[in-house]
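Chain residues, written in single-letter form:
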Amino acid sequence: MSAVDFLAKEKIWFDKPRYDEAERRFYEHMNGSPQPTKDAGANTILQDIARARENIQKSLAGLKTTLSNRGSAQPPISQHSQLSTGSSISSNSADHGELVSRIKSLELENQSLHKVVENLRAALSKLECRVSVLEKSPAAVSPASAPAPSVPYTNGTAVQQKTSTPAKEEEEEDDDDIDLFGSDEDEEADKLKEQRLKEYAEKKAKKPAIIAKSSILLDVKPWDDETDMAKLEECVRSVQADGLLWGTSKLVPVGYGIKKLQIACVVEDDKVGTDMLEEEITKFEDYVQSVDVAAFNKI
């Protein structure tokens with residue numbers, strides 16, 4: 001908004017000097033100090049000022065009518081906006097400079113984007129050329145990847161086509177490869193295969209089999225306290241068998257002065273069992289009353 005438009009819409013008290021002059025004359029008359037010479041000069045100056053203001057008001061009124069005709073679609077301006085128009089006029093120049101700088105930055109970005117688009121178009125054209133060259137070059141298609149021949153259908157039933165010629169050619173080639181009389185190479189291959197199988201069987205036989213063993217703790221009880229425990233232990237250790245190994249022993253008191261023999265042994269499960277040990281030890285009836293298994297653990 002221009003300054004002229006702002007002044008046209010501003011409410012101005014153009015007759016204020018007249019009222020001021022009348023008020024001054026009233027107070028001078030009351031005080032009794034008239035000044036005719038000064039009043040005449042002041043009146044002429046005031047009249048000139050009033051005429052100038054009237055002319056300005058008329059010109060502003062004409063401008064107001066022209067501006068209202070041009071901008072009849074513009075909304076009315078509030079009093080607050082009218083008061084802030086002066087400050088907005090001073091800030092318009094700064095806003096204009098900011099807009100110019102933004103427009104220049106947008107133009108630079110637009111130029112860079114044009115360059116990027118041109119580079120992409122060039123790369124795309126190169127790729128299209130390469131694809132066309134690859135499509136023109138003959139590609140070896142494997143039988144597995146080759147498309148299956150289309151089978152015509154008539155009234156919902158498939159018509160078999162003659163596609164047995166490649167299979168026949170393969171069969172003929174296989175027949176040509178077969179040697180009816182045999183060859184020395186086949187015999188050597190068979191001998192080598194048999195030799196390797198024999199070596200593998202020998203290695204497997206030499207491997208030691210896993211033997212299952214157990215640790216047994218036996219309680220051998222005598223008849224009474226007068227039994228010779230050393231002789232009893234000697235009788236027990238005299239039991240020998242393949243897969244039997246005697247260990248440590250000790251005398252454990254039972255009661256009333258009687259002691260039992262507690263002896264450990266390691267046995268192979270496939271060769272020696274607890275039943276066999278009990279039978280062999282109880283054969284010494286003069287010394288042994290009973291045999292019990294106190295502990296049995298797998299090794």
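For the structure, check the block above.
The sections below set out a description of the structure shown in this document. Numbers given to residues run from 1 along each chain, matching the order in which its sequence is written. With pLDDT at 70 or above as the cut-off, local features in this predicted model cover only qualifying residues; side-chain atom pairs require 80 or more to be listed or tallied, and sums for whole chains, interfaces and linings still use all residues. Processing note: side-chain calculations cover all non-hydrogen atoms of the structure and skip hydrogens and water entirely.

**Section: the side chain of Asp219**
Defined as follows: Comment: elements are numbered from the N terminus, with helices defined as DSSP H or I runs of at least four residues and strands as E runs of at least two. Definition of a polar contact: a pair of N or O atoms within 3.5 Å, with one able to donate and the other able to accept a hydrogen when the atoms are protein atoms, and with sequence-neighbouring residues admitted only if both atoms are side-chain atoms. Should any heavy atoms of two residues lie within 4.5 Å, those residues are considered in contact.
Structurally, Asp219 is set in strand β3 (residues 213–221). Separated by 3.2 Å, the side chains of Asp219 and Lys260 make a polar contact. With residues near it in sequence (within four places) discarded, Asp219 still touches Lys260, Leu261, Gln262, Ser290, Val291, Asp292 and Ala294.

**Examining the pairing of strand β5 (residues 258–268)**
Formally: In this description, strands pair whenever DSSP reports at least two bridges between them.
In this structure, β3 lies alongside β5, joined through 8 bridges in antiparallel fashion. Across the sheet, residue Leu217 finds its bridge partner in β5, namely Ala264. The loop that links strand β4 (residues 244–255) with its antiparallel partner β5 comprises 2 residues; one of these, Tyr256, has a positive phi angle of about 60 degrees.

**Remarks on unusual backbone geometry**
A positive phi angle, close to 60 degrees, is found at Tyr256, a residue other than glycine. By secondary structure assignment, the location of Tyr256 is in the loop between β4 and β5.

**Quick notes on the sheet that holds β3**
Here is the rule: A fitted line through C-alpha atoms represents every axis, and for helices the fit uses only the stretch in contact; the resulting angles, taken between N-to-C directions, go from 0 to 180 degrees.
Taking strand neighbours across the sheet as the criterion, the 4 strands line up as β4-β5-β3-β6 in an open arrangement whose pairing is antiparallel. On the outer flanks of this sheet lie β4 and β6 (290–298), each paired with one strand and no other. Between one strand and the next, the sheet's axes are offset by a mean angle of 20 degrees, whatever the strand orientation. Inspection of the sheet shows β3 paired to β6 by 8 bridges, in the antiparallel sense. Bridge pairing links Asp219 to Asp292 in β6. Helix-sheet contacts for helix α8 (residues 229–237) involve β3, β4 and β5, and the interaxial angle to β5 is about 15 degrees.

What is shown is where atoms sit, not what they do.
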